[in-house]
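Given next are the chains, with one letter for each unit.
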Amino acid sequence: MAKISRRQVIRTGLAAGAALAATRCARSEAPVGTPNNPATGPEVNTNQTKDVTLRLIGTGVSQINEIRDKAQQDLGFKLDMRALSTEENNQIAITQPKQYDIFDGEYFSLPLVVPSGNLQPIDVSKIKDYDKIVPFFTQGKFEGMPVEQSQGTAPYRVQYVTGPDSKEFSSTPTDYATLIPFQYNADTLGYRPDLVGRKIETWGELFNPEFKGKTSILDIPQIGIMDAAMVAESLGLMKFADKGNMTREEIDQITNILKEQKRAGQFRAFWKTFDESVNLMNAGEVVLQSMWSPAVTAVKSKGTQCIYAPLKEGYRGWGGGIGLSKNLSGIQLDAAYEYINWMLEGWVGSFLGRQGYYSAAPENAKKYMSQAEWDFWYEGKPAAEDMVDPFGKTLEKKGAVRDGGSFKDRFGNIVCWNSTMKENVYLVQKWNEFIAS
C-alpha cells in the first residue's frame, strides 16, 4: 500500500470541492467578484480538518472578520485572529511562540523576529503560486525602476534563510522563505484638500509652518523615522548615507530635528493605529499626515475629501506576509500551508485591493475583480463606474483616477522601506525621547 502523507490526509477531505474548483479554473471566463456580486472563491469542502484551529496574530490591516469567515468557509477549519499593534505583534512573535501558529507580520520586523528562532522556514516548493509573486519580493527585480535601488528593509533582502533550520538570512534565493508575501503598498502623505487649499507635492510640506499644529507623524520608530528622513532630505536639512541603516550620529541629528519641530508646535498628534489616523483626518484635527492607503479610502468612505499625495521624491514602501510558528507540525502544519496557498489564490488579493492594497500575486487577484476595478486600482485608468470598498461603501465616483496612478508608477517609485537598522535599539531609545519630549 502506498504511503499517505499528512498533506494527502488533509487533501482527502478537500477532494470533492477541489475537483469543482479545478473545473472552474479551467473555464475561459475568469470568476469576478465585487462587493455587490462576490465571487465564491476556491470551492472546497472538508470534514477531515474540522477540529483544526489555527491561531493568527497580526495587525488590523488584514485580521479582518470577513477574511476569517471566508477562509473558514473555503478551507473547513477554524481561524482565531488577533488584531494587534505592530509593536505588540512583534513582541508576541519574539517572546511568546506558544501563543500563535501563524505570524502575519511586516518584512521590516524580520531582523527582530527571525533571530529568535520562533519561525520555521517555509518550504517554497509547497507554495503553489510562488512563481506568480511580484519578482521584486523574490528576486529584487522590477523592470529596472527606482525600487530596485530602494533603501531600508526591502522584502527581498530578508525573504530567504540559508536552510530548513536556519535563522540566518540569505542574500540569494534558496528553497526556504521567511514569509510568503500577500499584501504591500507604496505609502506617502495624506491630506485634506478642502482644508489645505492647494496641491501637496513634496515630503517637505510636513514641516511647513503653514500647517503648524495640524500635522501628524506615525509613532512606530522603524516607520516614523523613515518618513522623517524623507522630509529632512526633501528640505535639505540633512543627507543620509543610507536612510535604511542610519548611524548613531544620523539618528541623533534627525531626532533633534523632530524635537525642534515638536517644540515649535508643528505636530497635532502622533498615531499608532489605523483608526487613530482615520479619526484625526476625518475630524479635521490634522490636515496633513503620514497615512496608509486604506486609511485614506476609509476617510473618503465617510464622505470627507482626502488625497494620497504622489510626492516627487518617491514613496516609502512596506510589505506584509505570513510566517509559520516553529511549534507547528502534523496536520496543523499542513493546514497552515493550505491557508497560505488560499491567501495567494486571489480572493484575498481582490478583497484587500478594494481598499488600495496590492496583491503579491496580482494576476490571481485580477480573477476576482471586475475590469473596471482592475483598471482603476492597478492600471491607473479613470474609473468606469463608482469604486466600492469591500464593505459596500463608495470610495470614488465614476471618472476618478487613483492618486499616484498605476501600480507600476507607484510601486516602481518606492525609494525606501520600513526598516529595522543595526542601531535599532538606539533608534527606539532616541525616538521615545522625541515622543516624550
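These numbers were taken from a predicted model, which means no experiment stands behind them.

A. Summary view of the overall build of the chain. Scanning the chain from N- to C-terminus turns up 17 helices and 18 strands. The 437 residues of the chain split such that 59% are buried. Within the chain, counting contacts between residues at least 6 apart in sequence, those at least 24 apart form 70% of the total. Per element, the accessible surface of the chain, about 17700 Å² overall, is 48% carbon and sulfur.

B. Unusual backbone geometry, seen in detail. Here the phi dihedral of Glu-143 falls at roughly 55°; this positive angle occurs in a residue that is not glycine. In this fold, Glu-143 is placed in the loop between helix H6 (135–139) and strand S6 (160–161). Of the residues examined, Glu-143 reaches a relative accessible area of 57% and is grouped as exposed.

C. Examining the packing of aromatic side chains more closely. Overall, the coordinates contain 29 aromatic pairs when judged by the stated rule. Judged by centre distance (5.0 Å) and plane angle (80°), the rings of Trp-271 and Trp-292 are edge-to-face. With Trp-271 in strand S11 (residues 267–271) and Trp-292 in the loop between strand S12 (288–291) and helix H11 (293–301), this residue pair connects regions lying 21 residues apart in the sequence. When sorted by exposure, Trp-271 lands in the same class as Trp-292, which is buried. Between the aromatic rings of Phe-407 and Phe-411, the centroid separation amounts to 5.3 Å while the plane-to-plane angle is 15°, which identifies the pairing as stacked. Highlighted residues: Phe-407 and Phe-411, both in helix H16 (residues 407–411), separated by four residues, approximately one helical turn.

D. Structural context of the side chain of Asn-118. Looking at the secondary structure, you find Asn-118 in the loop between helix H5 (110–113) and strand S4 (119–120). At a separation of 3.0 Å, a polar atom in the side chain of Asn-118 contacts the main-chain carbonyl oxygen of Ala-93. One polar contact links the side chain of Asn-118 to the main-chain carbonyl oxygen of Ile-94, over a distance of 2.7 Å. Those residues in contact with Asn-118, other than ones at most four positions away along the chain, are Ala-93, Ile-94, Thr-95, Pro-97, Tyr-100, Leu-324, Ser-325 and Lys-326.

E. The arrangement of the pairing of strand S2 (residues 78–84) in detail. As paired elements, strand S1 (residues 53–59) and S2 share seven bridges and run parallel to each other. Bridge pairing in S2 places Thr-59 opposite Leu-84. Each parallel crossover has a hand, and for S1 linked through helix H3 (residues 65–75) to S2 it is right-handed.

F. Up close: helix H12 (residues 330–344). When the terminal C-alpha atoms of H12 are compared, their 22 Å separation across 15 residues agrees well with the 21 Å that a helix rising 1.5 Å per residue should span. With respect to burial, H12 is a largely interior element, 13 of its 15 residues being buried. Looking one or two places after H12, you find Gly-346, whose phi comes out positive at around 140°.

G. The arrangement of the packing of helix H10 (residues 274–282) against H11 in detail. H11 packs onto H10 with a crossing angle of 45° between their chain directions and a minimal axis gap of 9 Å. One finds that H10 runs oblique with respect to H11. Here the hand of the crossing between H10 and H11 comes out right-handed. Together, Phe-274, Ser-277, Val-278, Met-281 and Asn-282 of H10 and Pro-294, Ala-295, Ala-298 and Val-299 of H11 make up the contact between the two elements. Taken together, the residues that form the contact of H10 with H11 break down as seven nonpolar, two polar and no charged.

H. Fine view of the pattern of salt bridges. Following the criterion strictly, the structure yields 24 salt bridges and no others. A salt bridge links Asp-129 to Lys-132; the shortest N-O distance between them is 3.7 Å. A residue is classified by how much of its surface remains accessible, and Lys-132, at 44% relative accessible area, is partly exposed. Between Arg-268 and Glu-285 there is a salt bridge; the shortest N-O distance is 2.4 Å. With Arg-268 in strand S11 and Glu-285 in the loop between H10 and S12, this residue pair connects regions lying 17 residues apart in the sequence. Its relative accessible area of 41% is what places Arg-268 among the partly exposed residues.

I. Quick peek at the packing of helix H8 (residues 221–235) against helix H17 (residues 424–436). For the pair H8 and H17, interaxial distance at closest approach is 10 Å and the crossing angle is 75°. Considering their axes alone, H8 and H17 lie roughly perpendicular with respect to each other. Each of Pro-221, Gln-222, Gly-224 and Ile-225 in H8 lies in contact with H17, whose residues at this interface are Asn-424, Leu-427, Val-428 and Trp-431.

J. Representation of the nonpolar core within the structure. Counting residues in each nonpolar core, the largest one holds 98 residues, and the members touching the most others are Leu-54, Ile-67, Ile-180, Leu-324, Tyr-339, Trp-342 and Phe-411. Counting residues per element, this core draws most heavily on H12, at nine residues. Once residues within four sequence positions are removed from consideration, Leu-324 is found in contact with Asp-101, Ile-102, Asn-118, Leu-119, Gln-120, Ile-122, Leu-333, Ala-336, Tyr-337 and Ile-340. The next biggest cluster of nonpolar side chains, apart from the first, holds 34 residues, and it includes Ile-200, Phe-211, Ala-309 and Leu-427.

K. Looking closely at the environment of Pro-362. Looking at where Pro-362 falls in the secondary structure, it is placed in helix H14 (residues 362–366). With a relative accessible area of 11%, Pro-362 lands in the buried category. Along the sequence, Pro-362 and Gly-346 sit 16 residues apart, while their C-alpha atoms lie 7.8 Å from each other. Every residue in contact with Pro-362, bar those within four places of it in the chain, is listed here: Lys-132, Val-134, Tyr-184, Trp-374 and Tyr-378.

Rules used throughout
Residues numbered from 1 in each chain as written. Predicted model: local features only at pLDDT ≥ 70, side-chain atom pairs only at ≥ 80, totals over all residues. Heavy atoms only, no water. Helix = DSSP H or I, 4+ residues; strand = E, 2+ residues; numbered from the N terminus. Buried < 20%, exposed > 50% of the residue type's maximum accessible area, 1.4 Å probe, protein only. Contact = heavy atoms within 4.5 Å. Areas by Shrake-Rupley, 256 points an atom, 1.4 Å probe, with all protein chains shown as cover. Phe/Tyr/Trp six-rings, centres within 6.5 Å; stacked < 30°, edge-to-face > 60°. Polar contact = N/O pair within 3.5 Å; in protein donor to acceptor, adjacent residues only side chain to side chain. Pairing = 2+ DSSP bridges. Right-handed = clockwise from strand over helix to strand, strands pointing away. Expected span 1.5 Å × (residues − 1). Axes fitted to C-alpha atoms, helices over the stretch in contact; angles between N-to-C directions. Parallel < 35°, antiparallel > 145°, perpendicular 65-115°, else oblique. Left-handed = near helix turned anticlockwise from the far one by under 90°. Nonpolar A, V, L, I, M, F, W, Y, C, P; charged D, E, K, R; others polar. Salt bridge = Lys/Arg side-chain N within 4 Å of Asp/Glu carboxyl O. Core = buried A, V, L, I, M, F, W, Y, C linked by side-chain atoms within 4.5 Å.

By themselves these figures say nothing about function.
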